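Remarks on the overall topology
Take a look at the letters that make up each chain.
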Amino acid sequence: MCEPKLARTTNENEMTHTRRAFIQSGLAMSALSFFPKAGSAATPEFQVMTAQSGAVQLAPPDYPKTEIWGYDGKFPGPVIRVRQGARLQRRLVNKLPQATSLHWHGVRISNAMDGVAGLTQDAIPTGETFDYDFAVPDAGTFWFHAHNRSVEQVARGLYGALIVEEPIAPDVDRDEVLILDDWLLNPETAQLDPDFEAVHDRSHAGRRGNFVATNGSFNSTLNVSQGERMRLRLINAANARIFVLGLSGLKGWVMAFDGMPLVTPSEISEPIILGPGQRADLFVDVIADEGESAHLVRLEDGQGFAQTEFRVTGTLASAVRDVPQVLPPNPNMDVPGLEQARRIRLNMEGGAMGNLDAAILEGERKTFRQLVDANQFWAFNGTVGMTEKPLASLSRGETARVEIYNDTSFPHAMHLHGMHFREVLEGGEVGPLRDTLLMFGGETREIAFVADNPGKWLFHCHMLSHAASGMMTWLEVA
Ligand code: C2O
Ligand code: CU
């Protein structure tokens, strides 16, 4: 069982204390969002963001600080806030000991700015820079993360939230970014497990941590007032963990998934499931009484853990509020032409307890045993990893449908770059517009999208160990 503890094994009392501390105690946290300095947009001097190492106190104070990699050496990384339609410019300076790149997850971006090392740009060597410069067409909750050796670089902390604000601010009392992650830490030293290529992680569910945090804090706590309406922007930044979340002391609605507003906000009555890379925007009203605590609860193995605690320290005058108004739609959210759409099939195979006997690796047919020896475990349509030719070449404006069969024993979070898609449901209905689809073993699901963004777009599993061991392909729109 993976609990949010980092227990030392030497002392029973300390262990109990630590565990209790991890799940129950709270530190008052200041507001997490800070606003980047304005003013550089019109000049050629981009605002600089430096990828570099740093040290942060992740574990309780009696543990050493954890060495991380972060933007500006910090964790959690900067929260970038921009207006919808604005231009975002950042000069990424690489002071890491290895090459890097920066991907803007979920942004319907111009291809050259997508930040995929090896596909849309060369990885930025140590000591060099890359200027990211693009428009943000959609309001919503996005994030950015390293996209070279992602399994290592994201696990080390190279990510942050990108918040694109609606032109008219929705009616909420506050807006909080909650980045959910788990870290795989050595229980003695509180340092990251440096084996990013572990065979078990790659062949099973991916690299899962033993230390679960919100915004880098194991006891994430906010002071709130009863009656307050908050927008919670949940981002799953974990390498592989699927977060199953519930609310206590809060009444809430899902307003958006993966940055895209829902047509009808749905009142939350069952757990919210977020695969790696996925986001959800919730509006929640604090209904717990003053002196109590409300919680964002992480559900795991039949137990609930405090993912974030909301301490009710006051009461707002205006207690009862109406059902929230929908968020304004983003442009181009429709997926028309499903009947005539181009049909694409994607079979996902491999992994432990799977059915993969052989697959093509670097142009050669290999048995599963040979793949294991190469530390590769997964195939799309019989090929491991990237192919020279794309999965499909689409004409600009064409609608495509991809039927995906998860012929493996594990869940996968399939992320399409550059364009959002809708799931085609039974009876021809379509689901919400999303950029990442969480699929469980044995499922066949179908997505549809309009290929309206030209370029080379990665399509991969966001369980980053899986992406590194075969689950990666691409599409071309010309
Ligand atoms: Cu968020 Cu290709 O990744
Ligand atoms: Cu996967």
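Residues numbered from 1 in each chain as written. Chains lettered and ligands numbered in written order. Predicted model: local features only at pLDDT ≥ 70, side-chain atom pairs only at ≥ 80, totals over all residues. Heavy atoms only, no water.

Looking now at the layout of surface pockets. Computed from the structure, the largest pocket encloses a volume of approximately 620 Å³. Lining the largest pocket are 26 residues, with Gln376, Met386, Ala467, Ala468 and Met472 positioned closest to its centre. Of all the elements in the fold, those that place two or more residues in the lining of the largest pocket are α2 (150-153), β31 (455-461) and α5 (464-468). Looking at side-chain class alone, the lining of the largest pocket contains 13 nonpolar, 8 polar and 5 charged residues. (1 Å grid on protein atoms, 1.4 Å probe; cavity = no way out; pocket = protein on both sides within 12 Å on 5 of 7 lines; lining within 4 Å. Points joined across faces, edges and corners; volume = space filled by probe spheres on them. Helix = DSSP H or I, 4+ residues; strand = E, 2+ residues; numbered from the N terminus. Nonpolar A, V, L, I, M, F, W, Y, C, P; charged D, E, K, R; others polar.)

Moving on, we get to the environment of glutamate 67. For glutamate 67, the location among the structural elements is in strand β2 (residues 66-71). On the accessibility criterion, glutamate 67 (47% relative accessible area) is partly exposed. Taking the C-alpha atoms as reference points, glutamate 67 and leucine 96, separated by 29 residues in sequence, lie 13 Å from one another. Ignoring anything within four residues of it in the chain, the contact list for glutamate 67 reads Gly54, Ala55, Gln191 and Leu192. (Buried < 20%, exposed > 50% of the residue type's maximum accessible area, 1.4 Å probe, protein only. Contact = heavy atoms within 4.5 Å.)

This paragraph deals with the coordination of the copper ion (ligand 2). Only His412 (ND1), Cys461 (SG) and His466 (ND1) from the protein reach the copper ion (ligand 2) as donors, at distances of 2.0 to 2.1 Å. Each donor residue of the copper ion (ligand 2) belongs to the same chain, and together they define the spacing H-x48-C-x4-H. Note on cysteine 461: relative accessible area 0%, which makes it buried. On the accessibility criterion, histidine 466 (0% relative accessible area) is buried. (Donors = N, O, S within 2.8 Å, 3.2 Å for Na, K, Ca; no water.)

Turning to the pairing of strand β20 (residues 342-350), a few remarks are in order. Two strands pair when backbone bridges link them, and β20 and strand β25 (residues 399-407) are joined in this way by 8 bridges, in the parallel orientation. Residue pairing for β25: arginine 342 is matched across the bridge by alanine 400. As defined by bridge partners, β20 adjoins strand β23 (residues 378-380) across 3 bridges and the pair is classed as antiparallel. Paired with glycine 350 across the bridge in β23 is tryptophan 378. (Pairing = 2+ DSSP bridges.)

Let's shift gears to the UniProt feature "domain: Plastocyanin-like" (unreviewed entry) in the protein chain. Residues given the UniProt feature "domain: Plastocyanin-like" (unreviewed entry) here are residues 57-167, 177-286 and 372-477. For residues 177-286, the helix share is 5%, the strand share is 53%, and the end-to-end C-alpha distance is 17 Å. (UniProt positions renumbered as here; feature names shortened; annotations may be inferred.)

A word on empty space enclosed by the protein. Summary: where empty space remains is shown by rolling a probe the size of a single water molecule over the atoms. Under the defined criterion, the tally for this structure stands at 2 cavities of 30 Å³ or more. Approximately 40 Å³ is the volume attributed to the largest cavity. Lining the largest cavity, in full, are Ala155, Asp182, Trp183, Leu184, Arg207, Arg208, Gly209 and Asn239. Partitioning the lining of the largest cavity into residue classes produces 3 nonpolar, 2 polar and 3 charged.

Another aspect to go through is the side chain of arginine 202. Within the secondary structure layout, arginine 202 lies in helix α3 (residues 199-203). Within the buried set, arginine 202 has no salt-bridge partner at all; the shortest N-O distance to an opposite charge, 4.4 Å, is to glutamate 197. Once residues lying within four places of it in the same chain are set aside, the contact partners of arginine 202 are Glu197, Asn375, Gln376, Phe377, Trp378, Ser465, His466, Ala468 and Ser469. (Lys, Arg positive; Asp, Glu negative; His and termini not counted. Salt bridge = Lys/Arg side-chain N within 4 Å of Asp/Glu carboxyl O.)

One finds Tyr71, Trp104, Phe134, Leu162, Ile404 and Phe449 to be the most contacted residues of the largest nonpolar core, which totals 56 residues. Setting aside its immediate chain neighbours within four residues, leucine 162 contacts Ile80, Val82, Leu88, Trp104, Val107, Gly140, Thr141, Phe142, Trp143 and Phe144. Counting 27 residues, the second-largest nonpolar core is a separate cluster that includes Leu180, Ala238, Ile268 and Leu296. (Core = buried A, V, L, I, M, F, W, Y, C linked by side-chain atoms within 4.5 Å.)

Another aspect to go through is the environment of arginine 434. One can find arginine 434 in strand β28 (residues 430-434). Each C-alpha atom of the pair arginine 434 and proline 271 lies 18 Å from the other, and the pair is 163 residues apart in sequence. Polar contacts involving the side chain of arginine 434 include one to the side chain of aspartate 258, which spans 3.0 Å. (Polar contact = N/O pair within 3.5 Å; in protein donor to acceptor, adjacent residues only side chain to side chain.)

Across the junction of phenylalanine 75 and proline 76, the peptide omega takes the value -5°, indicating a cis bond. Structurally, the position occupied by proline 76 is in the loop between β2 and β3 (80-83). The phi dihedral of aspartate 72 falls on the positive side, at around 60°, and the residue is not glycine. Turning to its location among the elements, aspartate 72 is positioned in the loop between β2 and β3. Backbone geometry places glutamate 362, a non-glycine residue, at a positive phi of 45°. Of the residues examined, glutamate 362 reaches a relative accessible area of 75% and is grouped as exposed.

On to the environment of aspartate 122, then. Mapped onto the elements, aspartate 122 comes out in the loop between β5 (102-105) and β6 (129-135). Separated by 236 residues in the primary sequence, aspartate 122 and alanine 358 place their C-alpha atoms 31 Å from one another.

What follows covers the sheet that holds strand β7 (residues 140-146). Two modes of strand pairing occur in sheets, parallel and antiparallel, and in both the strands are linked by backbone hydrogen bonds. Spatial strand order, β3-β8-β7-β5: 4 strands in an open sheet with mixed pairing. What marks the edges here is a single partner per strand, and that holds for β3 and β5. On average, each strand axis in the sheet is inclined to that of its neighbour by 25°, with strand direction left out of account. For β7 and strand β8 (residues 159-165), the ladder comprises 6 bridges, and the chain directions are antiparallel. In the sheet register, phenylalanine 142 faces β8, and the bridge partner there is leucine 162. (Axes fitted to C-alpha atoms, helices over the stretch in contact; angles between N-to-C directions.)

Attention now goes to the sheet that holds strand β16 (residues 272-274). Read across the sheet, 5 strands follow the order β11-β19-β18-β13-β16 without closing on themselves; strand pairing throughout is mixed. The sheet is open, and its two borders are formed by β11 (221-226) and β16, each paired with just one other strand. Neighbouring strand axes in the sheet, compared pairwise and without regard to direction, differ in orientation by 30° on average.

Summed over the entire model, instances satisfying the criterion amount to 33 salt bridges. Residue arginine 369 pairs with aspartate 373 through a salt bridge whose shortest N-O separation is 3.5 Å. Remark: aspartate 373 and arginine 369 occur in helix α4 (residues 368-373); sequence separation between them is 4 residues, near one turn of the helix. When its relative accessible area of 61% is taken as the criterion, aspartate 373 is described as exposed. Glutamate 423 is the partner of arginine 445 in a salt bridge, and the nearest nitrogen-oxygen pair spans 2.6 Å.

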